[in-house]
Amino acid sequence: MAIVKMNKFSLLAFEEKRSLLLDILQNFNYVHFNDLKVKEDETYLKELTNSTKIQALDEKLDKLAFAIETSLKYSSTEESKDFKRLDIDEVYKDSENFDFNLIYDKLIKLVKEREGLVDKNQAIEQKIGDLNPWKDIDIDIRSLYDSKRVYVETGTISSQFYDGLKKSIVDKNFSKSLIYRYSEVDKTSFIVAIASLDEEERFKELLREYGFSRISIKADASVSKSLSALKKEEANLKSEIKKIEAEIGEFDKYLEDFYLYQSYLVNEKNKEEATENFLKTSQMDVIEGYIPESMTDRFKADIEKSLDKEYILDIKDADKDDPDVPIILENNAIVEPYESVVETYALPKYNEFDPSLLVAIFYTIFTGFMIGDLGYGALGVIATLVILKKKDLPKSTEKMIKLFLGISLSACCFGVLFGSVFGGIIDVPFGWIDTQTDINTLITISLIIGGAALFIALGMKGYMYIRDGKPMDAIYDVLFWYMAVGGPIYYFLSKNKIGLYLMAVGMVGIVLFAGRDAKSIGGRIGSGVYDLYGITSWVGDFVSFLRLMALVLSGGFVAYAVNVIVKMLFGAGIGGIIGGILVFVVFQLFNMFLSYLSAYVHSLRLIYVEMFGKFYEGGGVKFKEMLEDTKKILINRGERK
């Protein structure tokens, strides 16, 4: 339960050996580089830039991502969910002979061909859509427009004006004019307007008054024949598109090679990006970074192997107060999954301590209490164990699954304590607290758990002071707060006035010493009074832990309500039994999901705000390994010893 101890190294090596050195360091993996910057007086140094190579790798990665996405989109087979574990040497070796550019050119040619056909098809669909309203016109449309004897126009008018237009033609004595509606779409009438040449101008004016919009029907012959030809062309295009999509889908045979090549590119990019942390002279590279102390001997041996004796290497213990020291958390298999909870908030600084064990204890208690059901917990245990057994998972995913395994086991324990199995659907011979009736007991337990969490968290602050040789600070900032907060609690529980005396001494101590860094007496007292005002936040912290009680009650009441409905349905014959089973399964699983989600989120709040607020600052730098897992390729790492 600790932060891995680090050594800081400085390395001077010849530029010509850079590539070999990077290969060795990547195999070593556990090296974190400092981003070196040239100082004003270091005119002999330059910052090393590698943007051209990195940009080229980014372009390849973008092309590869497109190839993978496109292949999967049109593939007829489901993508494999399996992972492959390989050494980085295997990744590089297997990727050397993979001609991605040749495959990509073939793929992109097909994609562009498909896009061209799709554009054509969309244009034809547009033409079909334009002609559909006129499909009943069975004469050559060109002869209609080319008539020298009458005025003929086609277009649209709002359907609400159509009857009015017809009436106006009669009322205004258009004896040689008429309109005919061929179709109606979305309250728009598609009409043909015909008039004699002597009535043409008056007729046009009337059409304008009623909002007539001219549409030229684009057909080479009759509309029906044009539609038939277009639909045939559309069918042919769709057939060609499907054929090309099938050819694109066949590129899924390269998916395994694509994912391997992706791993190669990602790790090659990491290697190239590492060089941007270096400085250089005309012939030498200046490199600085950190390695785990336990791997120092191996690091020296690897450097010697790659550079022979043509280098200068200096290694020393990392400064405890150096903010750039990267952090690796090291915990046993039980605590390790809870590192993700710590990392989500912030990694500890190098001069802090790893709170993972504390988080593991209380986060497990909080979540288990909030879920509080043996049935839900048992299902969670089974689900997580099945996933862990059947899948080779990335480390981060495996840690998350194990975290939920711990939550589920805790839910089982509290489910036994509360005697709850799926909200009480089964009568069990155990259970010492009834969540339906023992509300005061739940409140008391919630406050006890909250008090323990807060006082232990405050104790961690005292531990850090004592560890750093500051015992008086531990008295001023921890012991006095224990007295100020614990005193009234002791008095409330025992009615012993000693509790009030302890509270008074603690409060006076806080006022006198909390602002001890102030230069004046007034500033010191004022700062102390302000700090003492923070005692009100302790009340809020204690109240916040009542969410333990609130969430177990809400989940329990929902489960109980579902069970009541199920029992009512079971009394209604076979149909009721089937319905009851469906209701039970669906709503209990949904309530289980909500219970887990609520427990996960609210427990984070209790850890981050109530507990971490008492002692934890965080802000540490995550150790950046040189090797990186990708979607389907997990890279084997050497052990840290």
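Residues numbered from 1 in each chain as written. Predicted model: local features only at pLDDT ≥ 70, side-chain atom pairs only at ≥ 80, totals over all residues. Heavy atoms only, no water.

Where an unreviewed UniProt entry is consulted, the chain appears under the name V-type ATP synthase subunit I, with the organism given as Anaerococcus kampingae. Reading the Subcellular location (unreviewed entry) entry of the UniProt record for the chain gives the comment "Membrane". Taken verbatim from the UniProt record of the chain, the Sequence similarities (unreviewed entry) comment is "Belongs to the V-ATPase 116 kDa subunit family." (UniProt positions renumbered as here; feature names shortened; annotations may be inferred.)

**Student:** Break down the pattern of salt bridges for me, citing the residues and quoting the values.
**Tutor:** With the rule as written, the count across this model stands at 34 salt bridges. Its salt-bridge partner being Lys271, residue Asp23 comes within 2.5 Å of it at the nearest N-O pair. Of the two residues, Asp23 is situated in helix α1 (residues 18-28) and Lys271 in helix α9 (residues 255-274); the sequence distance between them amounts to 248 residues. Of the residues examined, Asp23 reaches a relative accessible area of 29% and is grouped as partly exposed. Across the pair Glu205 and Arg208 runs a salt bridge whose closest N-O atoms are separated by 2.7 Å. (Salt bridge = Lys/Arg side-chain N within 4 Å of Asp/Glu carboxyl O. Helix = DSSP H or I, 4+ residues; strand = E, 2+ residues; numbered from the N terminus. Buried < 20%, exposed > 50% of the residue type's maximum accessible area, 1.4 Å probe, protein only.)

**Student:** Account for the packing of α1 against helix α10 (residues 296-307), naming residues and giving values.
**Tutor:** The axes of two packed helices give the description: the angle between them and the distance between them. Interaxial distance between α1 and α10 falls to 9 Å at its minimum, and their mutual angle equals 155°. Taken together, the axes of α1 and α10 are roughly antiparallel relative to one another. In the packing of α1 onto α10, the handedness of the crossing is right-handed. Contacts between α1 and α10 pair Leu20, Leu21, Ile24, Leu25, Asn27 and Phe28 from the former with Arg298, Phe299, Asp302, Ile303, Ser306 and Leu307 from the latter. Across the contact of α1 with α10, the residue classes tally to eight nonpolar, two polar and two charged. (Axes fitted to C-alpha atoms, helices over the stretch in contact; angles between N-to-C directions. Parallel < 35°, antiparallel > 145°, perpendicular 65-115°, else oblique. Left-handed = near helix turned anticlockwise from the far one by under 90°. Contact = heavy atoms within 4.5 Å. Nonpolar A, V, L, I, M, F, W, Y, C, P; charged D, E, K, R; others polar.)

**Student:** Explain the environment of Tyr30 residue by residue, including any values.
**Tutor:** Within the secondary structure layout, Tyr30 lies in the loop between α1 and β3 (32-33). According to the relative accessible area criterion, Tyr30 is buried, its value standing at 8%. Separated by 50 residues in sequence, Tyr30 and Ser80 place their C-alpha atoms 31 Å apart.

**Student:** How would you summarise the layout of surface pockets if you had to cite specific residues and measurements?
**Tutor:** When its volume is computed, the largest pocket comes out at roughly 1,200 Å³. Breaking the lining of the largest pocket down by element, the ones donating at least two residues are β14 (329-330), α11 (339-345), α14 (395-418) and β16 (633-635). By residue class, the composition of the lining of the largest pocket is 12 nonpolar, seven polar and 16 charged. By volume, the second largest pocket amounts to about 530 Å³. Listed by contribution, the elements that provide at least two residues to the lining of the second largest pocket are α15 (439-467), α16 (471-494) and α19 (535-544). Classifying every residue of the lining of the second largest pocket by side-chain character gives 16 nonpolar, two polar and no charged. (1 Å grid on protein atoms, 1.4 Å probe; cavity = no way out; pocket = protein on both sides within 12 Å on 5 of 7 lines; lining within 4 Å. Points joined across faces, edges and corners; volume = space filled by probe spheres on them.)

**Student:** Requested: an account of the nonpolar core, with residues and values cited.
**Tutor:** Counting 95 residues, the largest nonpolar core has Met6, Phe33, Tyr363, Phe366 and Ile607 as the members making the most contacts within it. The dominant element in this core, judged by the number of residues it contributes, is helix α21 (residues 573-615), at 10 residues. Filtering out sequence-adjacent residues up to four positions away, Phe33 remains in contact with Phe9, Leu25, Ala274, Asn277, Phe278, Ile287, Glu288, Gly289 and Met626. (Core = buried A, V, L, I, M, F, W, Y, C linked by side-chain atoms within 4.5 Å.)

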